[in-house]
Amino acid sequence: MAFPGRNAVRKQGGMAQDMVKYCPDDRWAWVEIDLDAVRENTRAFKSHLEPGVKMMCAVKADAYGHGAVKCTKAMHSAGADQFAVATVAEGVELRKAGITWPILMLGQPPIEAINTILEYDIMPSVYSTEFALAYGERAAALDKIGRYHLAIDTGMTRIGVLPEDVVEFRHMIDFHRGIRCAGTFTHFATADVVGDWDFRQQARRFTTAVQALKEAGYETGLVHCDNTPGTVLHPELHNDMCRVGIGLYGLHPADTTVKRIQLKPVMSVRARVTRAIYPAVGEGVGYGLTYRIPTPNIQIATVPIGYADGLARSLSNRMDVLVHGRRARQVGRICMDQFMFAVDTSKLGYRPADPVQEGDVVTVIGTDGDERITADETARLRDTINYEVTCNFGMRLQKVYV
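Let me sum up the structure you'll find in this document. Keep in mind it's a predicted model, so treat the numbers as computed, not measured.

1. Here's the deal with the packing of aromatic side chains
Per the counting criterion, the structure on display carries 5 aromatic pairs. Here the aromatic rings of F83 and W101 are separated by 5.9 Å at their centres, their planes lie at 45 degrees, and the arrangement is tilted. Here the residue F83 occupies a position in strand β3 (residues 82-85), and W101 occupies one in the loop between α5 (88-96) and β4 (103-105), the gap between them amounting to 18 residues. On the accessibility criterion, F83 (0% relative accessible area) is buried. Taken together, a centroid distance of 5.7 Å and an interplanar angle of 20 degrees make the contact between F131 and Y135 stacked. Note that F131 and Y135 are positioned in helix α7 (residues 129-141) at a spacing of 4 residues, about one turn of the helix. For the pair F131 and Y135, one class covers both residues: buried. By the ring-pair criterion, three or more aromatic residues cluster together here, those being Y64, Y249 and Y387. It is K70 that lies over the ring of Y401; its NZ or CZ is 5.6 Å from the centre.

See the structure below:
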């Protein structure tokens, strides 16, 4: 049987034709990344900052699944000053792609990684004397200065020096000529909760620790504590720099920021139907046959996206997709590489719809006509957050930049 080509999309109008042009030749499934949206979101956050306050963009986890190199360049073109990663390899990837702007690793790497971070000029977060002194020794041996950011644990209990120990910590390492403090920061656990006592306590601890360092004569470098919600909700804590993450990708970290800043979603997840049939009444669909055809005129379509692509198996029989600008129910257990959905073409069912055919475009995340499925909707069904949804989709699916 002849397989429909790239442009064979029946009953799907101009929008579908536009979507099809991004479809890879080797697999009918892809992620679309809107770089104009990345730039718009970056400018939206930049507009919240006073002149002189720098903006650090978090591009860890391959820019939350959106593609670190492309997104970093787009963000810088829209006013971003510095970038943050989670691993040494993420920083090296950016450097090898020709990115020269400051990069902070939001964690302290193993001592064995010191040669690499010095070679590629990646600033580590520092909170142990053993690492700091080893970092300084190696930097001095190479006739370099190892820049770092001091991490302070103000209450999240994840990484950092305790506030009451920061002056003593700096006293133990600052004698070394091979290192220099380029920044001092903390991370808030509840910046998205308006009026939260724990947030206020963390802010007080951080402000007090920074002041103690200054009074003791230590250079703090760029002072930063506001994350994505903090940047929007707590301008009094912008300090020298803000660190923005999920919002850059058009997703809100919490309901409390929705009315404060307008963002444009960056990621869409799409695929094309690879098979569409009318099974007999009573036939089952997928592993375990958890869905059976209830009535005649139920069409079952197969889509080449599965849980290995980030579509969680827990969504089985619980999620919708968009096709022909309308919602259709996913049915059967989601497989590793594929899933199925049902179309009721009887005109009498709950969602009567036109039949689909091989090659038709299916939207898992994104907009089709007047309908939209968001990462937030998917996150609610999974009992997780939008961060995890986009990170998961970014792991295996090919990214297409639009």
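2. Here we look at the nonpolar core
Where a protein is soluble and globular, its nonpolar side chains tend to be buried together. Judged by nonpolar contacts, the single largest core of 102 residues is most densely connected at M75, F341 and V364. The biggest single contributor to this core is helix α9 (residues 197-215), with 6 residues. Residues V285, I293, I300 and A342 belong to the second largest nonpolar core, which totals 9 residues.

3. Thoughts on the pairing of strand β17 (residues 339-344)
Two faces, one strand: in a regular strand the side chains alternate between the faces of the sheet. β17 sits mainly inside the fold: 6 of its 6 residues count as buried. Neither face of β17 is open: one carries F339, F341 and V343, the other M340, A342 and D344, and all of them are buried. Sheet topology note: the strand β14 (residues 298-303)/β17 ladder contains 6 bridges and is antiparallel. Among the inter-strand pairings, Q299 is bridged to a residue of β17, identified as V343. Bridge count between strand β16 (residues 326-331) and β17: 3 bridges; the pairing is antiparallel. For Q330, the partnering residue across the bridge sits in β17 and is F341.

4. Some thoughts on unusual backbone geometry
Phi angles above zero are rare outside glycine, and Y64 is one such case at about 55 degrees. Mapping Y64 onto the fold places it in helix α3 (residues 60-65). For Y64, a relative accessible area of 7% gives the class buried. Even without being a glycine, N297 presents a positive backbone phi close to 70 degrees. Note that N297 resides in the loop between β13 (291-292) and β14.

5. Comments concerning the packing of α7 against helix α8 (residues 166-173)
Packed helix pairs are specified by the crossing angle of their axes together with the interaxial distance, meaning the distance between the axes. Two elements in contact, α7 and α8, have axes whose closest approach is 10 Å; the angle formed by their N-to-C orientations is 30 degrees. Accordingly, the angle class assigned to the pair α7 and α8 is roughly parallel. Here α7 runs over α8; the crossing is right-handed. Residues T129, A132 and L133 of α7 lie in contact with α8, whose contacting residues are F169, M172 and I173. Looking at the contact of α7 with α8 residue by residue, the class counts come to 5 nonpolar, 1 polar and no charged.

6. A look at the pattern of salt bridges
Scanning the model with the defined rule gives 17 salt bridges in all. Across the pair E377 and R327 runs a salt bridge, and its minimum N-O distance is 2.9 Å. You can see E377 sitting in helix α11 (residues 375-382) and its partner R327 sitting in strand β16, a full 50 residues away along the chain. Across the pair R396 and D337 runs a salt bridge whose closest N-O atoms are separated by 2.8 Å. Of this pair, R396 sits in the loop between α12 (386-393) and β20 (398-401) while D337 sits in the loop between β16 and β17; the two residues are 59 residues apart in sequence, bridging distant segments of the chain. For R396, a relative accessible area of 39% gives the class partly exposed. Exposure remark for D337: the relative accessible area of 33% places this residue in the partly exposed category. Linked by salt bridges that have partners in common, D320, R327, R329, E371 and E377 make up one network.

Cut-offs used in this document
Residues numbered from 1 in each chain as written. Predicted model: local features only at pLDDT ≥ 70, side-chain atom pairs only at ≥ 80, totals over all residues. Heavy atoms only, no water. Phe/Tyr/Trp six-rings, centres within 6.5 Å; stacked < 30°, edge-to-face > 60°. Helix = DSSP H or I, 4+ residues; strand = E, 2+ residues; numbered from the N terminus. Buried < 20%, exposed > 50% of the residue type's maximum accessible area, 1.4 Å probe, protein only. Lys NZ or Arg CZ within 6 Å of the ring centre and 35° of its normal. Core = buried A, V, L, I, M, F, W, Y, C linked by side-chain atoms within 4.5 Å. Pairing = 2+ DSSP bridges. Axes fitted to C-alpha atoms, helices over the stretch in contact; angles between N-to-C directions. Parallel < 35°, antiparallel > 145°, perpendicular 65-115°, else oblique. Left-handed = near helix turned anticlockwise from the far one by under 90°. Contact = heavy atoms within 4.5 Å. Nonpolar A, V, L, I, M, F, W, Y, C, P; charged D, E, K, R; others polar. Salt bridge = Lys/Arg side-chain N within 4 Å of Asp/Glu carboxyl O.

As far as function goes, none of this settles anything; it's purely spatial.
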